[in-house]
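Residues per chain are reported as follows:
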Amino acid sequence: MSWKTLLNKEAPSVTLPDQANEPYAVEPGKTGKPLVLFFYPAAGSYGCTREACQFRDAISEKDYYKADKVTVVGISGDSVDKQKVFVDKQKLTFPVLSDKEGKARKAYNVGRGLFGLTPTARVTFIIDEKGVIRDGFESTINYGAHSKFVTQWLEKLEKEKEKGKGEAPKIETPPTEPAPAPAIAPEVAPVVEAQA
């Protein structure tokens, strides 16, 4: 089953150990802010390092990525120890979770990547503040496109939020019954008297 079947549905909650071997609960919608959940094949590999560092840099440089606006979480099947080395070496500023048993990959329908050559596909999910998976992006080779994809979605979610602030709440009113149609006298054919 593809991860695409989860689009526009409530995102699953999972609890996994983070890089410090502490349980980290991924509970979409609970904080009231969007969640970026990105699955990657292998901590420390070239593409995964570049992808994770792009998210790290975006968090420090771009307003949309600030901690009060979004939560970014990385997940792979690597061990806690390998995740810790990865986080420490790359100075990552977001939680990196170990999905050694595949619970999160199963919950989010993330399979193997690159025609089955990598243990995990590189998939990034955008989950809105209500916990709904709005979109996803998969590309094992094009690791750089993931942060661009997220930036575009965070801009869109911010605009939706701003638009919602300025609008008056919509109040549903019961439909009114249409006014009765005016009575129309039936048309009468003229009477023609027969001549005898």
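All values derive from a computational prediction rather than experimental measurement. All chains use their own residue numbering, which begins from 1 and follows the written sequence. In view of the model being predicted, local features appear only for residues whose pLDDT reaches at least 70, and side-chain atom pairs are presented and counted only at 80 or more, with totals across whole chains, interfaces and linings using the full set of residues. The basis for every side-chain value is the complete set of heavy atoms in the structure, and neither hydrogens nor water enter the calculation.

**Q** Kindly report on the overall build of the protein, identifying the contributing residues and their values.
**A** Each helix is a run of DSSP H or I of at least 4 residues and each strand a run of E of at least 2, with the numbering of both proceeding from the N terminus. For the protein, the helix and strand inventory stands at four helices and seven strands. Reading the secondary structure of the protein in the N-to-C direction produces β-β-β-α-β-α-β-α-β-β-α. Here a residue-residue contact requires only that any non-hydrogen atoms of the pair lie within 4.5 Å. Contacts spanning at least 24 positions in sequence make up 64% of the contacts within the protein whose residues lie at least 6 apart. In the form shown here, the protein has an accessible surface area of approximately 12,200 Å², with 55% of it arising from carbon and sulfur atoms. Here the open area of atoms and residues is found with the Shrake-Rupley method and a 1.4 Å probe, where only the protein chains shown may cover a residue.

**Q** Tell me about the pairing of strand 6 (residues 123–127), and please be specific about residues and values.
**A** Any residue under 20% of the maximum accessible area for its type is buried, any over 50% is exposed, and the rest in between are partly exposed; the area is computed with a 1.4 Å probe on protein chains only. Strand 6 sits mainly inside the fold: five of its five residues count as buried. Pairing geometry for strand 3 (residues 35–39) and strand 6, over five bridges, is antiparallel. Looking across to strand 6, one finds that Phe38 is bridged to Thr124. The criterion for strand pairing is that DSSP finds at least two bridges linking the strands in question. Here strand 6 runs beside strand 7 (residues 133–138); their pairing, made up of five bridges, is antiparallel.

**Q** Account for the sheet that holds strand 3, naming residues and giving values.
**A** The five strands are arranged 5-4-3-6-7 in an open sheet whose pairing can be described as mixed. The sheet is open, and its two borders are formed by strand 5 (96–98) and strand 7, each paired with just one other strand. With strand direction ignored, the average angle separating the axes of adjacent strands in the sheet is 20°. Note on definitions: angles span 0 to 180 degrees between N-to-C directions of axes, and those axes are lines fitted to C-alpha atoms, for helices only across the stretch in contact. Strands in contact with helix 1 (residues 46–61) are strand 3, strand 4 (71–76) and strand 6; relative to strand 3, the strand with the most contacts, it is inclined by about 160°. Relative to strand 5, helix 2 (residues 80–90) is tilted by about 165°, and along the sheet it contacts strand 4 and strand 5.

**Q** Tell me about unusual backbone geometry, and name the residues and values.
**A** In this structure, Asn8 takes a positive phi of about 65° despite not being glycine. Here Asn8 shows up in the segment before strand 1 (14–17). Residue Lys91 is not a glycine yet carries a positive backbone phi of 55°. Its place among the elements puts Lys91 in the loop between helix 2 and strand 5.

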